Amino acid sequence: MYAWIWRQLPGPTAVRVVEALLLVAAVVALLLFVVFPWVDPRLPFNDVTTG
Amino acid sequence: MSGHAGIATAPARHRRPEPPHRTGGDRVRTVVRGFGEVLLTLGLVALLFLGYELYITNWFSAMKQRDATAALDDRWSNPRGTVDRPVEGDGIAKLRVPAFGPDFDFTVLQGTGADTLASGPGHYVDTAMPGEPGNFGVAGHRVGDGAPFNDLDLLQSCDAVVVETRDTWFVYRVLPLADEAAGWTSGKGATPQCRGVTPLPEPYPEVPGQQIVMPWQGEVINPVPGGSEAQLPPEQQDSLITLTTCHPRFSAEQRLIIHGVLTARYPKDGPRPPALADGLRG
């Protein structure tokens, strides 16, 4: 999977490294700002109220 | 690695080798490698989620808490600020626990919805307001989202919980713990810190300073904690405070409950309550 992504990245190695880091940053941002905030309230370990 | 015996051409330098003919074994290897990469990725995502829950939600929460505190200060300092019933998410009071240090200072927001609790401790809307007869009920996170109630289990009887409103300081103190209630007046109850703290009289059921209940036991935030709503007319009710959070830490199987009773009130144009200087627990 990762080897395949690496082969799709255009440009010489140095450019590819930058592109790969950008991809990782994009995925991490998507997780932190969209996916995790959505998942968080659906998980059972954060209920602090009674009744 | 063995050479490609089937390729007869001379090795071409500065050119990528032609992809070798894929065999069944290659395909299996690709699938197995892809599967392994997916597992590794899921592991990293789980780690990232852990970091998000334990640290990053605290940063988000600290920003929201700062905004809520600024809005509340603004409202308090505005002489024309109205005293309407607050709406969900509004700051209503500040909560301090001197035993947790001088930096334990949270703006309590109206309501206990997920968004509200992500900004700070939340007031159960159907319970009394600070200082009123009845039970001022407040919920707070124990892990992540600022975790205001992380150390609630460390509170001892007579520890001060100071609630600041627009014009008044209310000093609540934690009620005697279950194993301290017997012999309270001759025991810990005789210490100066415990002035005004006694086991609640009849018709209150036993209301310990700290208890662990099941999630559905909403009666702990009733005006008569653990009792029915109509047990005592409002004018005869003590002014209590009840803090709730999840228990054990990292789980929501149970709830940790702290009950306190109002022992003093100070107008804010006078001196600050001495309880604010109560030392850190050693």
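Rules used throughout
- Residues numbered from 1 in each chain as written.
- Chains lettered and ligands numbered in written order.
- Predicted model: local features only at pLDDT ≥ 70, side-chain atom pairs only at ≥ 80, totals over all residues.
- Heavy atoms only, no water.
- Helix = DSSP H or I, 4+ residues; strand = E, 2+ residues; numbered from the N terminus.
- Buried < 20%, exposed > 50% of the residue type's maximum accessible area, 1.4 Å probe, protein only.
- Contact = heavy atoms within 4.5 Å.
- Areas by Shrake-Rupley, 256 points an atom, 1.4 Å probe, with all protein chains shown as cover.
- Buried area = accessible area lost by both parts, 1.4 Å probe.
- Salt bridge = Lys/Arg side-chain N within 4 Å of Asp/Glu carboxyl O.
- Nonpolar A, V, L, I, M, F, W, Y, C, P; charged D, E, K, R; others polar.
- Core = buried A, V, L, I, M, F, W, Y, C linked by side-chain atoms within 4.5 Å.

Chemist: Outline the overall build of chain B, supporting the account with residue identities and numerical values.
Modeler: What chain B contains, in helices and strands, is two helices and nine strands. When its helices and strands are written in sequence order, chain B yields α-β-β-α-β-β-β-β-β-β-β. Every one of the 282 residues in chain B was classed for burial, and the buried ones make up 44%. Nonlocal contacts in chain B, meaning residues at least 24 apart in sequence, comprise 59% of its contacts between residues at least 6 apart. Carbon and sulfur atoms make up 58% of the accessible area of chain B, which totals about 15,400 Å².

Chemist: Which residues make up the interface of chain B and chain A, and what values do they have?
Modeler: Of the residues lining the interface, 34 residues belong to chain B; the matching set on chain A comes to 20 residues. For the pair chain B and chain A, the two sides together bury roughly 2,100 Å², of which 65% comes from carbon and sulfur. Run the count over chain B and chain A and you get zero salt bridges. Looking at the side of chain B that touches chain A, the elements with two or more residues in it are α1 (24-77), β8 (239-247) and β9 (254-267) of chain B. If you tally residues by element for the side of chain B that touches chain A, the top one is α1(B), at 10 residues. Residue composition of the side of chain B that touches chain A, grouped by class: 19 nonpolar, nine polar and six charged.

Chemist: An account of the nonpolar core is needed here, citing residue identities and associated values.
Modeler: Ranked by internal contacts, the top residues of the largest apolar core, which has 25 residues, are B:Leu95, B:Phe136, B:Val163, B:Tyr172 and B:Ile241. Secondary-structure elements contributing two or more residues to this core are β1 (91-96), β2 (105-110), β4 (134-139), β5 (160-164), β6 (168-174), β8 and β9 of chain B. Membership of the second largest hydrophobic core comes to nine residues, among which are A:Val48, B:Tyr124, B:Ala139 and B:Val213.

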